[in-house]
Amino acid sequence: MNQNELKQAVAQAAIDHIVPQLKQESIVGVGTGSTANYFIDALAGIKHSFDSAVASSEATAERLKSHGISVLELNVVPHMSFYVDGADETNENLHLIKGGGGALTREKIVAAVAETFVCIADESKLVDVLGEFPLPVEVIPMARSYVARKLVGLGGEPEWRQDFVTDNGNLILDVYGLDIVDPKGLEQQINQLTGVVTNGLFAQRPADILFLGTTQGVKTLHR
């Protein structure tokens, strides 16, 4: 199986997992990125099994709407059954690095609301220690240089993702060179820097279930 086939397989595994638990009034949160897009396309086949979706980015909202799936603003949603999204990296504790597509803040907000966070990824994303994939940090524009200096002090090598603006109107610093042995601690430490909106570590609120696409089939990991 190639990588796209693995992504399609884990997207279907997520559908198979949530379908028995969906109700007509259920709200499904949906992530951003290539793996999430496979989930959206599969979700279209069961769109009559739930009420609406919440999107973690403008791009995701448009793809959902193109399939005729109703999209709600998160502020009007009191309860969300599932949030399904991919990851740029994951460890066996289901701590994640996300934000390669720049939607990390909205992804983190939607994940915080969801009762169950389902992560879907191919086996190339599973690592022993997070950090080979650069850690995205969303920053207020005027704080970009200040935050970058602070990230250097933490041992990172930040690079400004030029010609990119988040859906929130902010900038992204991609931090290279980190061996993240304490994901929860580093997530909190970076988020406390003035000017940081959030960073791409999902360790304070990790995934609950990981469907991992492998050449031997889809494996299921639980937190």
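The following refers to the structure shown. This is a predicted model, so every value here is computed, not measured. (Residues numbered from 1 in each chain as written. Predicted model: local features only at pLDDT ≥ 70, side-chain atom pairs only at ≥ 80, totals over all residues. Heavy atoms only, no water.)

### A word on the overall build of the chain
Helix and strand counts for the chain stand at six helices and 13 strands. Since a compact globule built from 223 residues should have a radius of gyration of about 17 Å, the 17 Å found for the chain is in line with a globular shape. Here the C-alpha coordinates of the chain stretch approximately 50 × 40 × 30 Å along the principal axes. Classification of the 223 residues of the chain by burial places 53% in the buried group. (Helix = DSSP H or I, 4+ residues; strand = E, 2+ residues; numbered from the N terminus. Rg over C-alpha atoms; globule rule 2.2 N^0.38 Å. Buried < 20%, exposed > 50% of the residue type's maximum accessible area, 1.4 Å probe, protein only.)

### Notes on the packing of aromatic side chains
Going through the model one piece at a time under the given rule, you end up with two aromatic pairs. On the numbers, 5.2 Å between centres and 45 degrees between planes, the contact of Tyr83 with Phe117 is tilted. Taken as a pair, Tyr83 in strand E3 (residues 80-85) and Phe117 in strand E6 (residues 114-122) lie far apart in primary sequence, 34 residues in all. Here Tyr83 matches Phe117 in class, with each residue buried. Within the aromatic cluster, the residues linked to one another by ring pairs are Tyr83, Phe117 and Phe202. The lysine or arginine in question, Lys98, covers the ring of Phe202, its NZ or CZ lying 5.6 Å from the ring centre. (Phe/Tyr/Trp six-rings, centres within 6.5 Å; stacked < 30°, edge-to-face > 60°. Lys NZ or Arg CZ within 6 Å of the ring centre and 35° of its normal.)

### So, the pattern of salt bridges
Counted by the stated rule, this structure contains nine salt bridges. Residue Arg63 is joined to Asp41 by a salt bridge in which the shortest nitrogen-to-oxygen separation is 3.0 Å. With Arg63 in helix H3 (residues 58-66) and Asp41 in helix H2 (residues 34-43), the pair connects residues that are 22 residues apart, well separated along the chain. A relative accessible area of 32% means that Asp41 is categorised as partly exposed. Beyond isolated ion pairs, a larger network of salt bridges with shared partners links Asp85, Lys98 and Glu107. (Salt bridge = Lys/Arg side-chain N within 4 Å of Asp/Glu carboxyl O.)

### Points about unusual backbone geometry
One non-glycine residue, Leu94, lies in the positive phi region at around 65 degrees. Its location among the elements puts Leu94 in the loop between strand E4 (89-90) and strand E5 (96-97). Positioned with a positive phi, Asp163 is a non-glycine residue whose angle comes to about 60 degrees. As for its placement among the helices and strands, Asp163 is situated in the loop between strand E8 (157-160) and strand E9 (171-176). With a relative accessible area of 86%, Asp163 lands in the exposed category.

### A look at the nonpolar core
Core analysis: the biggest nonpolar cluster contains 25 residues, and Val30, Phe39, Leu43, Leu64, Ile120 and Phe211 have the highest contact counts within it. Residue assignment for this core shows that the elements contributing at least two residues are helix H1 (3-18), strand E1 (27-30), H2, strand E2 (52-55), H3, E3, E6 and strand E12 (209-214). Ranked by the residues each element gives to this core, the list is headed by H1, at six residues. Excluding its chain neighbours within four sequence positions, the residues that come into contact with Val30 are Phe39, Ile40, Leu43, Ala53, Val54, Ala55, Ser56, Thr60, Leu64, Tyr83 and Val84. (Core = buried A, V, L, I, M, F, W, Y, C linked by side-chain atoms within 4.5 Å. Contact = heavy atoms within 4.5 Å.)

### Here's the deal with the sheet that holds E12
One open sheet holds the six strands; their spatial order is E2-E1-E3-E6-E12-E13, and the pairing between them is mixed. One side of each edge strand has no neighbouring strand; the edge strands of this open sheet are E2 and strand E13 (217-222). With direction set aside, neighbouring strand axes in the sheet form an average angle of 20 degrees. Inspection of the sheet shows E12 paired to E13 by six bridges, in the antiparallel sense. Within E13, the residue paired with Phe211 across the bridge is Thr220. Across the sheet, H2 is in contact with E1, E3 and E6; its angle to E1 comes to roughly 150 degrees. (Pairing = 2+ DSSP bridges. Axes fitted to C-alpha atoms, helices over the stretch in contact; angles between N-to-C directions.)

### Looking at helix H5 (residues 144-153)
Inspection of H5 places Val147, Ala148 and Leu151 among the buried residues, and these make up the whole buried set. Projection of H5 onto a plane perpendicular to its axis shows the buried side chains occupying an angular sector of 105 degrees, all on one side. In H5, the exposed positions angled more than 90 degrees off the buried face are occupied by Arg149 and Gly153. Immediately downstream of H5, the backbone of Gly155 shows phi near 95 degrees, a positive value. (Arc of directions from axis to C-beta.)

### A closer look at the environment of Leu104
One can find Leu104 in helix H4 (residues 104-113). We classify Leu104 as buried; its relative accessible area is 0%. Each C-alpha atom of the pair Leu104 and Gly200 lies 5.7 Å from the other, and the pair is 96 residues apart in sequence. If we skip the residues at most four places from it in the chain, Leu104 touches Lys98, Gly99, Pro136, Glu138, Ile172, Thr198, Asn199, Gly200 and Phe202.

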